[in-house]
Amino acid sequence: MTRKREFRLDVLIWMTMMILSIALPTATTTALSDLLIISKVDRRIDLTSQIVRITSTLKVENAGTDPVLQVLLAYPDHQAKNLALLIASTSEGKGKTKGSTVSLSIEIVRPEGMPPSLTLYSVSLPKELGKGESITLDVMAVFTHALRPFPEKITQADSQLVVFQDSAYYLSPYAVKVQSLTVRLPDTRVESFTELEKTKQSGSEIKYGPYESLPSFSYSPIVVHYVHNQPFAVAQELVREIEISHWGNVQVTEHYNLIHGGARSTGEFSRLDYQARPHVAGASAFRHLVAKLPPRAHSIYYRDEIGNISTSNLWGDPTKTLLEIEPRYPMFGGWRTTFTIGYGLPLQEYLFQSDGKRFLNIHFGCPMNEVVIDNLIVKVVLPEGSRDISVSIPFSVKQWQETKFSHLDMVGRPVVVIEKSNAVPEHNQHFQVHYKFSNFSLLREPLMLISGIFFLFVAYITYTHVDLTISKSSASYLAKLQWDEVQATIQQVLNIINRCLTIHDKLEASLRDLSRTGDVQACKAARKAADSLLKELSKELKPLLTFLQSSPQAVPILSKVEDLVAKERELQERLVMKHSTVVDSYEKKSGGRDIENRVASIQQKITALRQEVDDLLEVIDEI
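Rules of the game
- Residues numbered from 1 in each chain as written.
- Predicted model: local features only at pLDDT ≥ 70, side-chain atom pairs only at ≥ 80, totals over all residues.
- Heavy atoms only, no water.
- Patch = residues over 30% accessible without salt bridge, like charges linked within 9 Å, V, L, I, M, F, W, Y side chains within 5 Å.
- Areas by Shrake-Rupley, 256 points an atom, 1.4 Å probe, with all protein chains shown as cover.
- Salt bridge = Lys/Arg side-chain N within 4 Å of Asp/Glu carboxyl O.
- Buried < 20%, exposed > 50% of the residue type's maximum accessible area, 1.4 Å probe, protein only.
- Helix = DSSP H or I, 4+ residues; strand = E, 2+ residues; numbered from the N terminus.
- Contact = heavy atoms within 4.5 Å.
- Core = buried A, V, L, I, M, F, W, Y, C linked by side-chain atoms within 4.5 Å.
- Axes fitted to C-alpha atoms, helices over the stretch in contact; angles between N-to-C directions.
- Parallel < 35°, antiparallel > 145°, perpendicular 65-115°, else oblique.
- Left-handed = near helix turned anticlockwise from the far one by under 90°.
- Nonpolar A, V, L, I, M, F, W, Y, C, P; charged D, E, K, R; others polar.

(A) Spatial organisation of a nonpolar patch on the surface. Residues Trp247, Leu443, Leu447 and Ile450 make up a contiguous nonpolar surface patch of roughly 440 Å² in combined accessible area. With relative accessibility at 54%, the residue isoleucine 450 sits in the exposed group.

(B) Fine view of the side chain of glutamine 79. With respect to the element layout, glutamine 79 can be found in helix H3 (residues 77-80). Setting aside residues no more than four positions away along its own chain, glutamine 79 makes contact with Phe143, Gln165 and Asp166.

(C) Spotlight on the pattern of salt bridges. Inspection of the entire model under this criterion finds 26 salt bridges. For aspartate 388, the salt bridge identified is with lysine 436, shortest N-O distance 3.7 Å. Placement of the pair is aspartate 388 in strand S28 (residues 387-392) and lysine 436 in strand S31 (residues 430-436), with a sequence separation of 48 residues. Of the residues examined, aspartate 388 reaches a relative accessible area of 43% and is grouped as partly exposed. Notably, a salt bridge pairs aspartate 484 with lysine 480, separated by 3.2 Å at the nearest N-O pair.

(D) Summary view of the environment of phenylalanine 454. Residue position: phenylalanine 454 is located in helix H6 (residues 444-465). Classification of phenylalanine 454 as exposed rests on a relative accessible area of 52%. Considering only alpha carbons, one finds phenylalanine 454 and glutamate 237, 217 residues apart in sequence, at a separation of 46 Å.

(E) Summary view of the nonpolar core. By size, the foremost hydrophobic cluster in this structure holds 54 residues, and its most contacted members are Leu47, Leu73, Leu137 and Tyr208. If sequence neighbours within four positions are ignored, leucine 73 has contacts with Leu58, Leu86, Thr119, Leu120, Tyr121, Val123, Val139 and Tyr170. Residues Leu293, Phe339, Tyr343 and Ile393 belong to the second largest nonpolar core, which totals 47 residues.

(F) Structural view of the packing of helix H9 (residues 555-587) against helix H10 (residues 592-622). The geometry of H9 relative to H10 is characterised by a closest axis approach of 9 Å and an angle of 160° between their N-to-C directions. For the element pair H9 / H10, the angle class is roughly antiparallel. For the element pair H9 and H10, the recorded crossing hand is left-handed. Classifying every residue of the contact of H9 with H10 by side-chain character gives 17 nonpolar, 3 polar and 11 charged.

Read these as geometric descriptors, not functional statements.
Here it is in structure tokens:
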């Protein structure tokens with residue numbers, strides 16, 4: 001009960017403001033009424049979707065003496081701000097001789113002496129309307145955001161109720177002889193509507209009139225409060241990018257920022273209830289949208305920021321391709337989603353040539369039915385090298401040009417940007433982008449690619465056949481050769497030292513065999529063989545040391561090498577001393593404890609020397 005009181009108070013305030021805003025006729029309006037009269041008006045208001053379409057058939061008569069070239073149409077400011085499209089047409093001929101329909105140009109005018117809070121549009125007639133002559137005009141006005149959810153917030157289980165406000169009388173600066181109004185609703189469920197004289201509801205239609213002999217600017221506010229569960233899909237922004245490739249494809253990419261523009265959903269959302277009874281626990285939500293694509297669309301995809309969305313269906317026939325898309329979650333009032341649709345089209349069906357120019361002929365708006373677009377941006381990306389660009393579009397838009405860089409581009413591709421606010425399905429008409437393009441420019445990128453590969457191979461061949469080494473007579477090259485020779489000599493020295501250490505190990509092994517077997521002769525034989533090998537290695541080492549001492553490049557490392565050789569010779573002497581002591585002790589039949597005591601100090605020195613030799617070997621190897 002409280003909700004209805006608030007609603008009626010709100011409507012009462014609106015009605016009062018609208019009546020007060022229509023001022024009394026002035027001298028100008030009286031003159032217009034004397035000049036033209038509307039003998040009959042038949043209005044039809046379609047409220048079956050979120051887009052309000054008002055179709056009016058006007059029979060206009062010239063009641064004055066002077067010929068007339070224009071007819072004025074009036075709309076309250078609160079309607080005019082939501083006016084998306086206004087078209088007027090007339091048919092040539094009369095009765096059975098009626099010919100084709102002629103579209104008439106319309107422009108906003110501001111004549112003096114008109115009531116405030118009104119926006120007037122001038123319709124230019126195809127020819128002068130003489131005294132006593134009449135003409136029939138068909139006028140269609142399309143409005144967005146003209147339906148107001150009431151209440152503004154509902155729960156998941158509630159149906160959506162909306163309010164529509166208008167006038168039962170046709171608002172015009174001319175007197176009207178006879179008029180009638182039919183309001184078509186999406187459902188028979190109506191909460192309330194304004195009842196005037198000659199008002200009748202029949203199913204999902206409400207009829208007002210006919211009303212006769214109404215003066216200019218007659219206004220009688222009506223309000224219809226009814227159930228409306230049709231999708232309120234509103235694209236707050238839609239960016240369509242159409243990229244032309246002269247290699248046979250037109251790529252279309254559409255980026256949607258979509259919101260449910262109906263009553264905002266409040267309370268918790270139960271997916272269980274929605275899945276069990278979607279027509280009850282989600283009557284105001286929409287789960288899918290259908291995009292009508294061109295018949296030969298291919299490579300179609302549907303994705304969002306997360307990735308590909310698999311909840312889509314595609315089918316088609318020779319006349320169309322239908323893409324049914326389903327967001328990741330059902331769309332309730334106030335909920336938002338973003339996604340992208342892309343597809344390719346065959347070039348030969350959309351690009352043509354005429355008068356030395358090429359032109360693209362393609363549809364402008366959204367391929368989805370009954371979607372309101374607050375801001376539509378269409379970008380046509382032309383091939384690099386396009387020039388003399390012009391756009392032909394059947395309604396007013398904003399347009400400018402940008403530049404886009406892609407693969408193998410040098411100066412960038414020209415982009416024609418077209419922006420349209422408050423777009424509706426009626427704007428989904430064909431438009432043309434004309435431009436000049438040289439056939440040589442078509443070969444620019446392939447030639448550039450071929451040239452790049454060619455120069456790459458030339459560079460490779462040049463690199464493999466040119467000697468890039470440093471000159472053999474330069475000081476740096478000679479120094480490098482000397483250093484390489486020093487390194488090789490040092491490696492030979494290290495090999496000799498390692499061979500000496502191996503012989504040392506064999507001497508130690510012969511002493512261990514002596515302690516185990518007591519065979520003194522075998523131990524002496526091993527000593528004799530070791531002495532012979534060490535003597536030969538000493539001879540091999542001598543010229544190498546002489547070379548290192550004479551080479552300037554070996555100065556940084558020579559001291560380490562000499563220390564290594566000296567330590568190895570000292571180690572060799574200590575091993576020979578140990579060997580002789582042990583063999584003498586065995587010949588004298590000395591005990592094991594006595595032998596160990598005699599060689600203990602020698603063994604200690606041998607261990608220290610062996611560690612020093614290993615450390616020097618490691619240092620030199622690193623250098």
